Amino acid sequence: MDVSSLINTLNDAQRRAVTAPSKAMLILAGAGSGKTRVLVHRIAWQIQVEGLSPHSILAVTFTNKAAHEMRDRVEKLLKFPTQAMWIGTFHGLAHRILRRHASEAQLPTTFQVMDSDDQLRVIKRLLKSMQIDDKKWPPKQIQWFINAQKDEGLRAKHLSHNGDFFLEQMIKLYQAYEVICHRSGLVDFAELLLKAHELLRDTPELLIFYRQRFRQVHVDEFQDTNKVQYAWLRLLTEGKDNLFIVGDDDQSIYGWRGAQIVNIFNFQSDYPNHELIRLEQNYRSTAHILQAANQLITHNSNRMGKELWTDSGAGELISLYSAFNERDEAYFVIDRIQQWLEAGTLKKEVAILYRSNAQSRQFEERLMTEAIPYRVYGGLRFFERAEIKNALAYLRLLSNRNDDPSFERIINTPTRGIGTRTLDSLREFAKDQQISLWQATERRINENFFSPRAANALKKFQALMQDLETQLQESELYEKVKLVGEKSGLIEFYKKEKEDRGEARIENLEELVNAARAFDYPHEEGETLSDLDMFLAHATLESGEMQGADADDCIQLMTLHSAKGLEFKQVFMVGLEEGLFPSGRSIEDVARLEEERRLCYVGITRAMEKLCISYAESRRLYGKESYPSPSRFLREIPKDCLQEVRFRANISQDTQRHTAKKVIKNSGLYHKGDKISHAKFGAGTILQLEGEGAHEKVQIKFRESGLKWLMVAYAKLERLS
Ligand code: ATP
Ligand code: MG
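The rules behind these values
Positions within a chain are numbered from 1, following the residues in the order the chain's sequence is written. Here chains are named by letter from A upward and ligands by number from 1 upward, in the order in which they appear as written. Reporting of local features is limited, given that this is a predicted model, to residues whose pLDDT is at least 70; pairs of side-chain atoms are given and counted only at 80 or more, and all residues count toward the totals for whole chains, interfaces and linings. Side-chain figures throughout are based on the complete set of non-hydrogen atoms in the structure, without hydrogens or water. A fitted line through C-alpha atoms represents every axis, and for helices the fit uses only the stretch in contact; the resulting angles, taken between N-to-C directions, go from 0 to 180 degrees. The secondary structure listing takes helices from DSSP runs of H or I that are at least 4 residues long and strands from runs of E that are at least 2 residues long, numbered from the N terminus. Roughly parallel means an angle under 35 degrees; roughly antiparallel means over 145; roughly perpendicular covers 65 to 115; every other angle is labelled oblique. Throughout, a contact is declared for two residues whenever any of their heavy atoms are within 4.5 Å. By the convention adopted, Pro, Cys, Tyr, Trp, Phe, Met, Ile, Leu, Val and Ala count as nonpolar, Lys, Arg, Asp and Glu as charged, and the other residues, Gly among them, as polar. Two strands qualify as a pair provided DSSP detects at least 2 bridges between them. By definition here, a helix of n residues has an expected span of 1.5 Å times n minus one. The classification of residues rests on relative accessible area computed with a 1.4 Å probe and restricted to protein chains. Under 20% of the type maximum is buried, over 50% is exposed, and intermediate values are partly exposed. To be near a molecule or strand, a residue needs just one of its heavy atoms within 4 Å of it. Within 3.5 Å is the distance limit for a polar contact, defined as a pair of N or O atoms, with the added protein rule that one can donate a hydrogen and the other accept it, and that residues adjacent in sequence qualify only through two side-chain atoms. Areas reported here follow the Shrake-Rupley algorithm with a probe of radius 1.4 Å; residue values treat only the protein chains shown as occluding.

Draft legend 1. Just the packing of helix H9 (residues 189–202) against helix H10 (residues 204–213), in detail. Two elements in contact, H9 and H10, have axes separated by 5 Å at closest approach and are oriented at 100°. By the angle between their axes, H9 is roughly perpendicular relative to H10. From H9, Leu199, Leu200 and Asp202 reach across to H10, where they touch Pro204, Leu206, Leu207 and Tyr210. For the contact of H9 with H10, the per-class residue count stands at six nonpolar, no polar and one charged.

Draft legend 2. Looking closely at the sheet that holds strand E7 (residues 243–247). The sheet built from six strands is open, its strands ordered E3-E2-E6-E7-E1-E8 with parallel pairing. The open sheet has two free edges, formed respectively by strand E3 (86–88) and strand E8 (275–279), since each of these has just one partner strand. The average angle at which neighbouring strand axes cross in this sheet is 10°, direction not considered. Inspection of the sheet shows strand E2 (residues 57–60) paired to strand E6 (residues 216–219) by four bridges, in the parallel sense. Bridge pairing in E6 links Ala59 to His218.

Draft legend 3. Here's a closer look at helix H7 (residues 139–151). Along its 13 residues, H7 runs 18 Å from first to last C-alpha, staying within 8% of the 18 Å computed at 1.5 Å per residue. Every buried residue belonging to H7 is among Pro139, Ile142, Gln143, Phe145, Ile146, Gln149, Lys150 and Asp151, and all of these are buried. In this structure, the buried residues of H7 make contact with helix H6 (116–129), helix H8 (165–184), H9 and helix H11 (227–237). The positive-phi residue at the C-terminal boundary of H7 is Gly153, with phi of around 85°.

Draft legend 4. The arrangement of the site of ligand 1 in detail. Ligand 1 sits among 19 residues. The nearest are Lys35, Arg37, Gln251, Glu567 and Arg606. Contact between ligand 1 and Thr9: a nitrogen atom at 3.1 Å from a main-chain N or O atom of the residue. The side chain of Gln14 places a nitrogen or oxygen atom 2.9 Å from a nitrogen atom of ligand 1. Relative to its free-state accessible area of 640 Å², ligand 1 is covered by the protein chains to the extent of 85%. Looking at the shell around ligand 1 element by element, the count peaks at three residues for helix H3 (residues 35–48).

Draft legend 5. Geometry of the sheet that holds strand E22 (residues 706–711). Spatially, the five strands line up as an open sheet ordered E22-E21-E20-E19-E23, and their pairing is antiparallel. Each having just a single partner strand, E22 and strand E23 (718–719) make up the two edges of the open sheet. Relative to E22, strand E21 (residues 697–702) is paired through six bridges, and the arrangement is antiparallel. Note on E22: the bridge partner recorded for Gln699 is Trp709. Most of the contacts of helix H14 (residues 326–342) go to E22, to which it runs at about 70°, and overall it touches strand E20 (682–690), E21 and E22.

In structure tokens:
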């Protein structure tokens with residue numbers, strides 16, 4: 001058997017990890033050292049050389065995208081399909097197991113997964129029905145409390161308040177929330193994990209079945225597992241020593257969501273016979289980039305400690321740009337991108353990474369103006385758009401009539417004359433009788449409780465759902481999605497909305513039909529999951545990963561969190577300002593600050609060839625103007641890795657003192673009222689001037705193209721008067 005393709009491209013340590021006989025193993029190594037590569041090659045090795053069936057392999061990764069990539073890469077190495085292998089995220093795999101064994105897990109077979117928005121909606125309704133003031137008990141805080149308990153594996157019944165009033169109330173709410181979710185067949189994200197763990201723990205036959213099935217279990221990004229996830233892995237592999245994990249303590253960035261680095265230590269003591277392999281060569285980045293990352297992370301005290309080296313060349317220095325404000329930052333970044341593209345870089349090799357989703361807008365606007373295609377991961381999530389959620393809510397309610405959040409969402413969308421009084425009374429009745437809103441509607445109609453008008457409107461809604469159900473029965477998944485858009489009246493409804501907005505919404509609904517058409521779920525024999533249920537779960541679990549086709553060549557925009565595990569030739573890390581990155585809330589808290597620093601380490605190490613870091617002297621974000629100082633992380637990067645860049649002009653800045661001394665004043669070239677012409681936008685009049693030197697901008701009212709701000713250094717304006 002020729003196994004050279006599996007090991008030829010590995011270094012010694014990697015090869016040892018890939019070819020080791022079955023045992024518990026920990027690959028602990030820094031960014032870009034080939035951890036994911038080792039994991040992929042090991043799976044292929046086990047199938048090809050050890051003779052394992054793909055059916056007996058379980059692999060957990062962090063995103064759906066990573067899971068797809070991993071399967072592709074294994075298939076490329078093996079040259080045959082591996083449908084039977086289970087690869088996915090913890091949430092996706094937990095969902096799969098719960099669907100297969102819903103009754104053992106005490107879930108209705110029609111259960112639906114709800115995202116955090118829906119979860120919040122349920123909590124708000126709960127507070128209202130219990131007449132609890134949501135000012136004193138903010139729904140978000142309750143949501144956070146519930147999820148944190150679940151991540152720790154705790155149900156309301158496990159908690160005690162010891163006379164603490166706050167805790168007492170929280171536990172009471174948690175309990176009531178559990179009852180509602182159970183009644184409506186709704187499962188939140190944290191519940192998926194907790195339930196999947198309880199299911200295996202409490203059903204010995206199933207545990208034995210899965211233990212026998214999964215002969216090898218692999219986990220990427222292990223540093224970001226939480227307590228329940230680890231407990232679940234432990235159940236599956238206890239006593240078998242077949243758990244293979246790769247991770248990097250320096251890249252643990254989900255502490256705020258319950259991840260605990262301590263799992264790495266737990267693994268070491270729970271699997272005393274494990275082998276630890278360290279990888280030290282970085283294959284991803286040039287030396288300057290790597291040196292910056294290595295140096296930055298030494299400022300954290302809580303580390304396992306490791307050093308990475310590379311034998312690739314020094315490469316370019318890291319560019320540092322001090323922007324005048326957030327718009328200037330976006331101008332600069334897009335300008336650079338244009339230069340890189342002209343020099344032959346592909347768009348998909350360029351990423352803009354930011355700390356907070358709200359930062360993406362400025363870049364999106366510039367990219368749109370310049371007609372450069374881009375794709376935002378997360379943030380502007382496709383599946384979170386109102387019109388998409390509305391269409392999905394119809395489908396969800398069709399699948400499970402007791403799904404109250406979906407009922408609430410569409411009962412009056414499009415409007416069908418059901419008043420708030422009628423709805424309130426339904427809610428009240430549902431609560432008293434401990435039934436769902438749908439059931440409450442049925443009962444109240446039978447009892448002739450409502451006025452004929454209200455009853456009629458409700459009956460129409462019932463009839464619509466009934467009709468839809470009949471019409472959808474025999475159709476393909478994408479036809480179902482299409483029919484729902486049409487028959488529910490949603491499309492009609494959006495047609496009436498203001499032109500652009502309504503049109504965009506309809507386009508999105510069309511995109512949803514496309515997504516359904518492209519949806520391909522690897523069914524296994526004997527699996528009885530309906531395509532619709534799988535699609536709905538997919539929409540909830542994987543939101544944000546559906547925009548545009550992966551293969552499209554476009555600029556990649558994402559938060560630093562979602563960049564984990566990925567790599568790009570050229571990276572912009574933007575908004576390095578105190579209060580933004582590190583975030584405001586982390587500044588006072590050492591543990592959180594260290595997590596922010598790890599996030600910065602993750603950001604730097606995404607770059608292969610070029611890294612460009614920027615910060616703004618003033619920033620408008622969330623509707624507020626601030627004048628932040630540059631991020632402390634900039635001072636933690638060695639000076640000799642950095643190169644300050646100026647945006648097309650000679651302005652001198654002293655970044656060490658982080659005060660900008662502008663030497664050039666307003667060019668004096670333009671004045672308010674000047675008539676100019678621009679190559680793309682045509683003729684216009686200058687309304688305002690702002691900034692100076694390289695940052696000098698003018699606001700112009702163009703005859704054809706409306707109001708625009710342009711950089712003087714750039715715009716190549718021609719004076720007309
Ligand atoms: P991260 O911590 O960011 O997840 P990682 O440790 O998982 O990184 P990989 O993504 O597996 O690292 O590898 C980083 C890059 O280095 C990839 O492009 C990979 O193909 C390349 N690489 C890894 N090992 C080797 C090797 N032995 N020879 C050549 N290239 C390698
Ligand atoms: Mg990786």
